[in-house]
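Fold and contact review
Here's the letter readout for the chains.
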Amino acid sequence: MSYQDWVKSKIMRDDRRCAKIADLFFSALKLRNSKLSSSISFCLRKSKSKKKLNAQDALNEANLKELEMHDSGFRAFTAGRGAPAFWELEEKEFFAMLNQIGPHTFFLPMSPAEMRWLESIVILKKVVDGEIIAEENANSISYSERVSLVK
């Protein structure tokens, strides 16, 4: 069982004594640090040179420039939401989705008051039931029929 699964099960338990705020923050910080350290380790092992890296290599200016040039030093931070590398990856995924699916063509914001808008009731009645009604008639439609139109 991974540490993340253990924390999830700890949060989901019926006994709420183990889900104290301080414990949850500590677990989240520990999980974030472990993901970040494993990501850094993976990025350093992924380098083009086959030699093992050690602390002396991390202090070498040439090695740091190489990591910076290939963007390997920042790729490790894709696990954290606050890092620019994470949002760069999210942006790439978003543009890939746009290329795959295409841009959205219709956006309809709905609020809790959509059943009071007579214009939307007229349009919904025309689309759902195929009936053309005037705004004056839309005001007399019952609440249950308005709910069925909005659904």
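Here the structure is a predicted model, which is why all the values come from computation and not from measurement. (Residues numbered from 1 in each chain as written. Predicted model: local features only at pLDDT ≥ 70, side-chain atom pairs only at ≥ 80, totals over all residues. Heavy atoms only, no water.)

Here we look at the overall build of the protein chain
In terms of helices and strands, the protein chain carries 9 helices and 0 strands. Look at the contacts in the protein chain between residues 6 or more apart in sequence, and 35% of them connect residues 24 or more apart. Accessible surface computed for the protein chain: about 12,500 Å², of which carbon and sulfur atoms make up 61%. (Helix = DSSP H or I, 4+ residues; strand = E, 2+ residues; numbered from the N terminus. Contact = heavy atoms within 4.5 Å. Areas by Shrake-Rupley, 256 points an atom, 1.4 Å probe, with all protein chains shown as cover.)

A closer look at the packing of aromatic side chains
This structure, assessed with the given rule, holds 3 aromatic pairs. Seen in terms of ring centroids, F86 and W87 are 5.0 Å apart; in terms of plane orientation they differ by 85°. Their pairing is edge-to-face. The exposure class assigned to F86 is buried, which follows from its relative accessible area of 11%. Here W87 falls in the partly exposed class, since its relative accessible area comes to 48%. (Phe/Tyr/Trp six-rings, centres within 6.5 Å; stacked < 30°, edge-to-face > 60°. Buried < 20%, exposed > 50% of the residue type's maximum accessible area, 1.4 Å probe, protein only.)

Focus: the pattern of salt bridges
Oppositely charged side chains can pair when the atoms bearing their charge come close. Applying the stated criterion across every chain, the model contains 4 salt bridges. Among the ionic pairs, K125 bridges to D129, the shortest N-O distance being 3.0 Å. Note that K125 and D129 are positioned in helix α7 (residues 118-129) at a spacing of 4 residues, about one turn of the helix. In this structure, E131 engages K125 in a salt bridge whose closest nitrogen and oxygen atoms are separated by 3.9 Å. When its relative accessible area of 40% is taken as the criterion, E131 is described as partly exposed. Owing to a relative accessible area of 5%, K125 belongs among the buried residues under this scheme. Look at the salt bridges and you will find they share partners, linking K125, D129, E131 and E145 into a network. (Salt bridge = Lys/Arg side-chain N within 4 Å of Asp/Glu carboxyl O.)

Points about the nonpolar core
Nonpolar side chains in soluble globular proteins tend to end up buried together. Among the nonpolar cores identified, the biggest contains 6 residues, and these are I121, V122, I133, A138, I141 and L149. What I121 contacts, discounting residues up to four positions off in sequence, is E114, M115, A138, I141, R146 and L149. (Core = buried A, V, L, I, M, F, W, Y, C linked by side-chain atoms within 4.5 Å.)

Section: the confidence of the model for the protein chain
Predicted confidence across the protein chain gives a mean pLDDT of 78, with 81% of residues reaching 70 or more. Mean pLDDT across the elements of the protein chain ranges from a minimum in helix α5 (residues 72-75), with 64, to a maximum in helix α6 (residues 84-101), with 87. (pLDDT = per-residue confidence, 0-100.)

What about a nonpolar patch on the surface?
A surface patch of nonpolar side chains, about 430 Å² in accessible area, is lined by F94, F95, M97 and I101. As for its position among the elements, M97 is in helix α6. (Patch = residues over 30% accessible without salt bridge, like charges linked within 9 Å, V, L, I, M, F, W, Y side chains within 5 Å.)

Focus on the environment of S27
Position of S27 among the secondary structure elements: in helix α2 (residues 21-45). A C-alpha to C-alpha distance of 6.9 Å links S27 and V7, two positions 20 residues apart in sequence. Non-local contacts of S27, meaning those with residues more than four positions away in its chain, are made with Y3, V7 and K10.

What to know about the side chain of R146
Its place among the elements puts R146 in helix α9 (residues 143-150). No salt bridge is formed by the buried R146; its nearest oppositely charged neighbour, E145, is found at 8.0 Å. Not counting residues up to four positions away in its chain, the partners in contact with R146 are M115, R116, L118, I121, A138, N139, S140 and I141. (Lys, Arg positive; Asp, Glu negative; His and termini not counted.)

Let's talk about α6
Here α6 is 18 residues long and its end C-alpha atoms lie 25 Å apart, about the 26 Å a rise of 1.5 Å per residue gives. Downstream of α6 by one or two residues, G102 has phi in the positive range, about 105°. (Expected span 1.5 Å × (residues − 1).)

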